[in-house]
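# Structure at a glance
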Amino acid sequence: IFVDEFQDTDPLQYEIVLFLAEAPGGCAADPYAAELAPGRLFLVGDPKQSIYRFRGADYAALARVLERVRACGGTELQLEDNWRSVEEVLVPVHEVFTEPGSAVWRTREGYQPPYVPVRAARGSCGEGPGVEIWTVSGVRPGPLPSEERRRVEGRVLARALVEGAASGRFELRDVTVLLRAFTGLRHLLRPLREAGIPFVVSGGREFLNRPEVVGTLAVLRAVA
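Right, let's walk through the structure included here. (Residues numbered from 1 in each chain as written. Predicted model: local features only at pLDDT ≥ 70, side-chain atom pairs only at ≥ 80, totals over all residues. Heavy atoms only, no water.)

### Re the side chain of Asp8
- Note that Asp8 resides in the loop between β1 (2-3) and α1 (11-20).
- Among buried charged residues, Asp8 stands out as having no salt bridge; its nearest opposite-charge side chain is Arg55, 6.7 Å away.
- One polar contact links Asp8 to Ser50, side chain to side chain, over a distance of 3.4 Å.
- Within the structure, the side chain of Asp8 is placed 3.4 Å from the backbone nitrogen of Tyr52, a separation counted as a polar contact.
- What Asp8 contacts, discounting residues up to four positions off in sequence, is Gln49, Ser50, Ile51, Tyr52, Arg55 and Ala57. (Helix = DSSP H or I, 4+ residues; strand = E, 2+ residues; numbered from the N terminus. Buried < 20%, exposed > 50% of the residue type's maximum accessible area, 1.4 Å probe, protein only. Lys, Arg positive; Asp, Glu negative; His and termini not counted. Salt bridge = Lys/Arg side-chain N within 4 Å of Asp/Glu carboxyl O. Polar contact = N/O pair within 3.5 Å; in protein donor to acceptor, adjacent residues only side chain to side chain. Contact = heavy atoms within 4.5 Å.)

Here it is in structure tokens:
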């Protein structure tokens, strides 16, 4: 039985899989007590990529399944070769996640799996670090509220783009800004617009909140 994307299954599916993988002749009433037949179950998944918690995916339940598989002689293998990135990208990432104390909250036992570094199978391109990690902080103690942090990030990024293009480090047409979500997109677009940086937004869901759309709607309402 081969189960891919196992991190996104739910506890009911765990029970079905364990019962199906039980050794011939077994009749356990509890799936977590079932004696699994050697070679009958092959699971593939990455708990760090679990995105289906809303439909029951749960790391604590997943960890219980994996513990049962190991107890029945199962072997756990880590796929550590990364073919998508080079050392210049991975090394700075590893430094962030392996720095003492940096990931304590992410690895609380029973809540999140530990961080597992991966190797750059493609090696190095010999151009030095390919990642710069920035953060912003306020003048007062404590973390910034999310809205204020987004405003500061937008201003900092716009200034960095203007300075980088002026110094010849890059051309603006070669810059792509990736966002994990479009929440607060206006805090990025306004500084870019004020700095005179041309841009195109792809995939934005705040269309009706864009200044040009708001202005157009206001004119149409006035006309109506």
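### Concerning the packing of aromatic side chains
- As enumerated under the stated definition, the model contains four aromatic pairs in all.
- Aromatic pair Phe6 and Tyr14: ring centres 5.4 Å apart, planes at 40°, arrangement tilted.
- Here the aromatic rings of Phe97 and Tyr115 are separated by 5.0 Å at their centres, their planes lie at 20°, and the arrangement is stacked. One end of the pair, Phe97, is in helix α3 (residues 87-98); the other, Tyr115, is in the loop between α3 and β4 (119-120), with 18 residues separating them in the sequence. (Phe/Tyr/Trp six-rings, centres within 6.5 Å; stacked < 30°, edge-to-face > 60°.)

### Considering the pattern of salt bridges
- Going through the model one piece at a time under the given rule, you end up with 10 salt bridges.
- Here Arg68 and Glu35 are joined by a salt bridge, their closest N and O atoms 3.5 Å apart. In this pair, Arg68 sits in helix α2 (residues 59-71) while Glu35 sits in the loop between α1 and β2 (42-43), placing the two residues 33 residues apart along the sequence.
- Classification of Arg68 as buried rests on a relative accessible area of 17%.
- In this structure, Arg150 engages Glu147 in a salt bridge whose closest nitrogen and oxygen atoms are separated by 3.0 Å.

### So, the environment of Pro129
- Here Pro129 is to be found in the loop between β4 and α4 (146-167).
- Pro129 sits in the exposed class, given a relative accessible area of 70%.
- Taking the C-alpha atoms as reference points, Pro129 and Val44, 85 residues apart in sequence, are found 32 Å from one another.
- Contact partners of Pro129, with chain neighbours within four places excluded, come to Glu88 and Pro92.

### A few points about the layout of surface pockets
- Quantified by volume, the largest pocket comes out at close to 1,800 Å³.
- Lining the largest pocket are 46 residues, with Gly45, Asp46, Pro47, Leu77 and Gln78 sitting closest to its centre.
- Mapped onto the lining of the largest pocket, the elements with two or more residues apiece are β2, α2, β3 (81-82) and α3.
- With six residues, α2 is the single largest residue contributor to the lining of the largest pocket. (1 Å grid on protein atoms, 1.4 Å probe; cavity = no way out; pocket = protein on both sides within 12 Å on 5 of 7 lines; lining within 4 Å. Points joined across faces, edges and corners; volume = space filled by probe spheres on them.)

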